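# Structure assessment
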Amino acid sequence: MTNTKKGLRIAVSPKKCDPYITTSDDRLQAIEPTSGNPYWQFLGLSSTNASDWHNKRLFWDTVNTGLFAQYSNPATSTKPVKLKAKQFIKDFRAFANPLLSIIAASPNASADEENIFNLVLNVNRPHPSKTHTKIADLCITGWKSGLLGSMKATSRNDHVSKRASLVAG
């Protein structure tokens, strides 16, 4: 359940998940114009990954007989069908999330992949804003025992008072 700037990568609602499955599979099966390779290969997935994704899409999205068609049709949308759709989405999310991490780490992924797959590329992830500099002073740490075996640590440098303090930097 990796979160992104837009929420979950893959929605849990069947109506929201349906366009995701079709759009993402369309992208993976399309041909990348510069290399002439399918996008699944261009983004670092294996042919097995791509065919598994496509087969799941066919199971979900086949007209009249697919799981989403059964879920959407009031005549066939029974409790077992609804449970099966929810289980399919749960299984699809478990299958797709590791592959989405591969896509996010791909040097070939672009802003289009961010939008289509609802992820944040590794190059666009925020980096920590804190700088860490080493403390040049000698630090002295003291320990005091507390209740039930807990310990309390205090630190100071060697040329300041005997009280605990933050060292500059």
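Residues numbered from 1 in each chain as written. Predicted model: local features only at pLDDT ≥ 70, side-chain atom pairs only at ≥ 80, totals over all residues. Heavy atoms only, no water.

## Details of the packing of helix 1 (residues 14-29) against helix 3 (residues 47-61)
For the record, the criterion: Lines fitted to C-alpha atoms define the axes here, with helix axes fitted over just the stretch in contact, and angles between the N-to-C directions of these axes take values from 0 to 180 degrees. In this description a helix means any DSSP run of H or I spanning at least four residues, a strand means any run of E spanning at least two, and both kinds are numbered starting from the N terminus. With respect to orientation, any angle under 35 degrees is reported as roughly parallel, any angle over 145 as roughly antiparallel, any angle of 65 to 115 as roughly perpendicular, and every other angle as oblique. Two helices cross in a left-handed way if the nearer one is turned anticlockwise from the farther one by less than a right angle. They cross in a right-handed way if the turn is clockwise. Residue contacts follow a heavy-atom distance rule, with two residues in contact if any of their heavy atoms lie within 4.5 Å.
Running from N to C, helix 1 and helix 3 cross one another at 140 degrees; their axes reach a closest spacing of 10 Å. The angle between the axes of helix 1 and helix 3 places the two elements in the oblique class. Handedness of the helix 1/helix 3 crossing: left-handed. In contact with Pro-14, Asp-18, Ile-21, Thr-22, Ser-24, Asp-25, Asp-26, Leu-28 and Gln-29 of helix 1, helix 3 contributes Ala-50, Trp-53, His-54, Arg-57, Trp-60 and Asp-61.

## Notes on the packing of helix 3 against helix 5 (residues 79-105)
The condition that has to hold: Three classes are used, and their members are as follows: Ala, Val, Leu, Ile, Met, Phe, Trp, Tyr, Cys and Pro are nonpolar, Asp, Glu, Lys and Arg are charged, and the others, Gly among them, are polar.
Orientation of helix 3 relative to helix 5, taken along the N-to-C sense of each, is 160 degrees, at an axis distance of 12 Å. In terms of orientation, helix 3 lies roughly antiparallel with respect to helix 5. Relative to helix 5, helix 3 is oriented so that their crossing is left-handed. Along the contact surface, helix 3 presents Asn-49, Asp-52, Trp-53, Lys-56, Phe-59 and Trp-60, while helix 5 presents Lys-84, Ala-85, Phe-88, Ile-89, Phe-92, Phe-95, Ala-96, Leu-99 and Leu-100. Looking at side-chain class alone, the contact of helix 3 with helix 5 contains 11 nonpolar, 1 polar and 3 charged residues.

## Let's talk about the pairing of strand 4 (residues 151-157)
Defined as follows: When DSSP finds two or more bridges between two strands, those strands count as paired.
Pairing of strand 3 (residues 139-145) with strand 4, which is carried by 7 bridges, proceeds in the antiparallel orientation. Counted as the bridge partner of Lys-144 is Lys-152 from strand 4.

## Let's talk about the side chain of Asn-49
Where we set the bar: For this analysis, a polar contact is any N or O atom pair within 3.5 Å, provided that within protein one partner can donate a hydrogen and the other can accept it, and provided that sequence-adjacent residues contribute only side-chain to side-chain pairs.
Among the structural elements, Asn-49 can be located in helix 3. At a separation of 2.9 Å, a polar atom in the side chain of Asn-49 contacts the side chain of Ser-46.

## A short note on the pattern of salt bridges
Our working definition: Just to be clear on terms, a salt bridge is a Lys or Arg side-chain nitrogen sitting within 4 Å of an Asp or Glu carboxyl oxygen. Each residue is assigned to one of three classes by its accessible area relative to the maximum for its type, calculated with a 1.4 Å probe on protein chains only: buried under 20%, partly exposed between the two thresholds, exposed over 50%.
Counted under the stated rule, the structure contains 5 salt bridges. The salt bridge partner of Arg-27 is Asp-112, with a shortest N-O separation of 3.9 Å. With Arg-27 in helix 1 and Asp-112 in helix 6 (residues 111-117), the pair connects residues that are 85 residues apart, well separated along the chain. Exposure remark for Arg-27: the relative accessible area of 15% places this residue in the buried category. Using a relative accessible area of 43% as the deciding quantity, one classes Asp-112 as partly exposed. Each of Asp-25, Asp-26, Arg-57 and Asp-61 takes part in a single network of salt bridges with overlapping partners.

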